[in-house]
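# Coordinates in review
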2 protein chains.
Amino acid sequence: MEEIDRRIVTLLAKDGRMSFTDLARETGLSVSAVHQRVRRLEKRGVLRGYAALVDYDAIGLSLTAFVSIKPIDPAAADDAPDRLAHLSAIEACHSVAGDESYILKVRVASPIALEELLNQIRTSANVSTRTTVVLSTPYEHRAPEPANSDTGKPDESA
Amino acid sequence: MEEIDRRIVTLLAKDGRMSFTDLARETGLSVSAVHQRVRRLEKRGVLRGYAALVDYDAIGLSLTAFVSIKPIDPAAADDAPDRLAHLSAIEACHSVAGDESYILKVRVASPIALEELLNQIRTSANVSTRTTVVLSTPYEHRAPEPANSDTGKPDESA
DNA sequence: CTTGAAATGCTGGTGTC
DNA sequence: GACACCAGCATTTCAAG
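The structure contained in this document is the topic of the report that follows. Bear in mind the structure is a predicted one, so any value in this text is a computation, not a measurement. (Residues numbered from 1 in each chain as written. Chains lettered and ligands numbered in written order. Predicted model: local features only at pLDDT ≥ 70, side-chain atom pairs only at ≥ 80, totals over all residues. Heavy atoms only, no water.)

## Notes on the interface of chain B and chain A
When the parts come together, some accessible area is lost, and that loss is often what is quoted as the size of the interface. At the junction of the two partners, chain B supplies 62 residues and chain A supplies 62 residues. Considering only the surface of chain B that becomes buried against chain A, Arg17, Tyr139 and Arg142 of chain B emerge as the three largest contributors, covering 13% of it. For the pair chain B and chain A, the interface holds zero salt bridges. The tally of links between chain B and chain A comes to 40 residue pairs in polar contact (both at pLDDT 80 or more). Those elements giving two or more residues to the side of chain B that touches chain A turn out to be helix H1 (3-14), strand S1 (47-54), helix H4 (80-84), strand S3 (90-96), strand S4 (102-108) and strand S5 (127-139) of chain B. Looking at side-chain class alone, the side of chain B that touches chain A contains 38 nonpolar, twelve polar and twelve charged residues. Bridge count for strand S3 (residues 90-96) of chain A against S5 of chain B is three bridges, and the pairing is antiparallel. For Val96 of chain A, the partnering residue across the bridge sits in S5 of chain B and is Val134 of chain B. (Contact = heavy atoms within 4.5 Å. Buried area = accessible area lost by both parts, 1.4 Å probe. Salt bridge = Lys/Arg side-chain N within 4 Å of Asp/Glu carboxyl O. Polar contact = N/O pair within 3.5 Å; in protein donor to acceptor, adjacent residues only side chain to side chain. Helix = DSSP H or I, 4+ residues; strand = E, 2+ residues; numbered from the N terminus. Nonpolar A, V, L, I, M, F, W, Y, C, P; charged D, E, K, R; others polar. Pairing = 2+ DSSP bridges.)

## What to know about the protein's contact with DNA strand C
Taken together, Ser19, Phe20, Thr21, Val31, His35 and Arg39 of chain A together with Ser30, Ser32, Ala33, Gln36 and Arg37 of chain B make up all the residues around DNA strand C. Considering DNA strand C, the proportion of its atoms within 4 Å of the protein that are sugar or phosphate atoms stands at 66%. At 2.6 Å, a side-chain N or O of Arg39 of chain A approaches a phosphate oxygen of DNA strand C. Here a base oxygen of DNA strand C sits 3.4 Å away from a polar atom, N or O, in the side chain of Gln36 of chain B. Mapped by element, the contributors of at least two residues to the surface near DNA strand C are helix H2 (20-27) and helix H3 (31-44) of chain A together with helix H3 (31-44) of chain B. Ranked by residue count, the leading element in the surface near DNA strand C is H3 of chain B, at four residues. Residues belonging to the surface near DNA strand C are distributed by class as follows: three nonpolar, six polar and two charged. (Near = heavy atom within 4 Å.)

Here is the structure:
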């Protein structure tokens, strides 16, 4: 992936609704050239989708927390992500190195809702939990600056 | 905020590029009614923006980590977020309750880049760091289900 | 919230280098 | 293979009822 594609990705990461016309102006290409590149980036999976960024306070989910989980039975099959996927309060699930096995990012309406969610997490996945409550979020979802070197990955342009 | 607005927010959270035409079909409203609502939601800050979701592997940022930081001098002014804002590898910064004061989410190209970043974080903000490396991400950026109750916040529809 | 109409933007085809 | 141009069509946007 070279210069212009990286530029396009960065621009769309900042404004996912930017028009092809504007992208064309910013990149110095014609509209259809940009169009082709975006389609290709989508097809390759570099652009995985588009999302609106919402104010969670405004939609009644004013409590954010990180929940680290650890299996109670270390011998059991580790399918926690699948077992937890039905809980829509879980926004993200990362498998991590370290003492615990996953970090979940959760959004709930209140402390009581958090308590309830933690119970559901524990029983659904047979894990213990350690919760870190978010007090405020100075920033989030900042757009990435793509690394300028090659990744070493094969170019599987379909 | 009621039913239809919540629906619009959820739909746009799932697909930030959904057209007004499609939103209108899904909500049973006319195109311009949807348009008005979206504009109002944007103005109120409920919809904070739109972003493309990128495959960080594909853009050469294949290492994700959570970095918890703690001030070395607890008496010093706590302006870590400002001091760290120039580091573009930091995607998010959350102030948290607990032993540490902030959790950062960072994206870098390699372990060496992570080492370098940690040094920059420590010197920029005069903090100690504790890093949890992400091994894989089963899911992320799942769309929220707005809480159906009122938030108790005043309706500041501008 | 609706209608309606003008401006803008999207998209695929065709041709060039 | 990558790009530019063009033309038809869809969408966006705004004014007015």
